[in-house]
Amino acid sequence: MATTTSNSVSSTKLTLAQSPPKKQKSEKAAIVQKKDDVELALEKAVFGDLNGFGKGLEEVVEYQAYSQDEDDDIEPEFDVVDITRGDENKDTEVSFENLQDDELFIVDGVGEAYVSESKATDKTIASTVDDNESVAWIDSDDEQLTVSLTSTDRLKKLRATEIDDIISGKEYTWRLRSQFQRIYPAPDWAKVSRLKRRSESDNDDSSSASDVEVEDEEERLLATDPLKTLLQRSGSLTKRSKSKALQPSIIDISRLRDVNHDSPSPSAIQSLSFHSSLPLLLSAGYDRTLRIYNTDGKVNQLATSLHIRSSPIQTAQFHPDGRRVFAGGRRRHFYIWDLESGEVEKISRMYGHEQHQRSMERFKISPCGRFVGLIGSGGWINLLDANSGQWISGAKIEGGQIADFVWERDGSSITIANSAGEAWLWSTSERRFVSRWADYGGIGITALSSCDRWCALGSQSGIINVYDKTKVEDDQPKFNCSLDQLVTSISDMHFSHDGQILAFASRAKKDAFRLAHLPSGTIFKNWPTSGTPLGKVTSFAFSSGSDLLATGNEGGKIRLFKLNHYA
C-alpha cells in the first residue's frame, strides 16, 4: 500500500512540470500599435498642438499691431499687451516661454464705451425721475452709507470698471435703478404722453406748431388703443351700486382663519370686542387673560395680552377712543388697561352705593365714551365716569331684576329691560325715566339689543320680538316681527352697524346661532349650515363696519367670518 502511494504522487508532480507556462498580462500590454498619419491629423484638428497655439497668438499680436498702425487717430477699445522681448531697436521673434498668464490672455472686461453708456443711462434716468416723478420717501442715512461692490457676487454686476469697489449710498441707489431700467424697460402703456419736442431754432411759431402736432399724434394713438388708456389709470375698475340694501334669504359670507388658531383659549370665550378703528379683536374668559389679536384674516397674530390673577373675566370691552380696555368679573371692582402706557388701574369708587353693586361683571360703555353703565342688584343701574371711574348717578326700575340694558348711539339715554317683559327709557342728561312700555307677549326676558331704528328683546323660550322705534303705536314702538327659530334661552343679541342684520345666539345648545334680515324678518337660509363649526356660542361681535363677524364658543375657539356685502 505504501509503494503504490509514492508512485502516484511522483507521477502527479511530473505531469505538472511538463504543462506549458501561462502567458503574462504584461506581455500583452507591452504591445501598442503606433498611430498612423490619418489618426495624428485628426487628433491635431480636434485637440490642436503646442505649435498651433503659439502660431495663433502670433497672428493675433500681428493683427492688433497692424490695426494700430492703420488707425492711429482711433482710440483702441482694449489695451494690447506688448509680448516682445529683447532689444527695442531690433526686430526680434516673439518668445512665449517666459511670459506670464496675464500677458498671454486678454480679459474681456468693461471698457470705456460701456462706462460712458452707463453714465449716460444714469443721467437719463435721473433727469426722468426729477422731471416727471416726485420721490415718495428719502432716507437721510443713504448719504452716510458706503457699499462695497466686491463683497458679494450680486453687487459685482453694478461695477462700472473692474477696479470699482466702494461707492456711496446715493450712488448705489442710482446704479440699482439704472440696472433695473436696463433689464425691465418701461412698457408703452405706462408712458404718459408728456413728450414735447422743442426746436432749438429762434422761430417760436414753428416750435409751438411742432409741439401741437406731437401732442395730437400722442392723443390719437391713445384713442386708437384703449387698453393703454385703461392701464394708465390706477383707480378702481369696477363701480359699486349706490344701493346698500342687503338682499333677504341669502347672505354672502365666507369663513376665514380662526383668530386663535395657534393657541386656543383653555376656557370658554366669555366676551369679544372689536376695536373702533383698527383691525384688532379683544377676547376674554375665565382663564383671567385678556388677549388682543390682529385680525387680518390670514395669520391673526396675537398682538398683546394681559393676565389678571385676582379675577376671572366675564366682560371686556374696548373704549371708543381705542386706547383703553375695560375688564371686569365677579368682583367688587373692575380694571382699566391703558394700551399706550401699559398701566392697569383698579376701579372700585362707589362712594356709599356698594350695597347696590355687589359685582361688576356686567357693564357696558356708552358709544360717546363718557359713561360706564353697570348692572347692580335690586333693579339698579349705576353710572360711572369713564375717565375718573367715579360714581355719577343711578337708576332703579320696578318689577324684578334687570335682564339687560343698552346704550343709545349718542349716549343720551339708556333702554333697560327687566325679566318681566317691561322696558324703560332713562335719560342721562335729565337723570329720569322718560318712557315705559311692555313687550308684546314677552315673559322671561333675557337679552336686549338696539340700534338707531330697531329694538329687539329675547326671552327664555327662544322667541325674539323686534320693534321699530321710528314708528309709535299706543305710546310704544311699533311691533315689526317675531323670530322663533331657536327653542332655548337667548343669551346674546347684536345688530350690525346699519341695522340690516340681527345676530342672536343661545349658549344652551350647539350651533344655536342665526342671522336675521331686517326689515323683512327672514332668516338667512344659506348660513349657518350643518358643516359650520360653531359649537356652543358663548359670545360674538361685529366689527365697526360689520365686515367681520367673530364667534367664541365653549371650546375656547374664536371663529372668524367675512361678510362680503360690507367688505
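(A) Highlighting the overall build of the protein. Along the backbone of the protein there are 10 helices and 30 strands. Taking as baseline every contact in the protein between residues at least 6 positions apart, the subset at least 24 positions apart corresponds to 46%.

(B) Structural context of the sheet that holds strand 19 (residues 432–438). Strands sit in the order 16-17-18-19 across an open sheet of four strands; the sheet is antiparallel. Each having just a single partner strand, strand 16 (402–407) and strand 19 make up the two edges of the open sheet. Neighbouring strand axes in the sheet, compared pairwise and without regard to direction, differ in orientation by 20° on average. Across six bridges, strand 18 (residues 422–427) lies against strand 19 in antiparallel orientation. Bridge pairing links Trp 426 to Phe 433 in strand 19.

(C) Quick peek at helix 3 (residues 37–47). The element helix 3 is barely covered by neighbouring structure, given that only zero of its 11 residues are classed as buried. One or two positions beyond helix 3, positive phi appears at Gly 48, with a value near 80°.

(D) Main features of the packing of aromatic side chains. For the coordinates displayed, the defined rule picks out 10 aromatic pairs. Taken together, the aromatic side chains of Trp 437, Tyr 440, Tyr 467 and Phe 479 make up a single cluster linked through ring pairs. Its guanidinium or amino end placed over the ring of Phe 405, Lys 364 lies 5.5 Å from that ring's centre, counting from NZ or CZ.

(E) Quick peek at the side chain of Asp 164. With respect to the element layout, Asp 164 can be found in the loop between helix 7 (153–156) and strand 2 (166–168). Accessibility expressed as a relative area gives 13% for Asp 164, which makes it buried. A distance of 2.7 Å separates polar atoms of two side chains, one belonging to Asp 164 and the other to Arg 175. Contacts of Asp 164, omitting those with residues within four sequence positions, involve Leu 149, Thr 150, Arg 159 and Arg 175.

Conventions we followed
Residues numbered from 1 in each chain as written. Predicted model: local features only at pLDDT ≥ 70, side-chain atom pairs only at ≥ 80, totals over all residues. Heavy atoms only, no water. Helix = DSSP H or I, 4+ residues; strand = E, 2+ residues; numbered from the N terminus. Contact = heavy atoms within 4.5 Å. Pairing = 2+ DSSP bridges. Axes fitted to C-alpha atoms, helices over the stretch in contact; angles between N-to-C directions. Buried < 20%, exposed > 50% of the residue type's maximum accessible area, 1.4 Å probe, protein only. Phe/Tyr/Trp six-rings, centres within 6.5 Å; stacked < 30°, edge-to-face > 60°. Lys NZ or Arg CZ within 6 Å of the ring centre and 35° of its normal. Polar contact = N/O pair within 3.5 Å; in protein donor to acceptor, adjacent residues only side chain to side chain.

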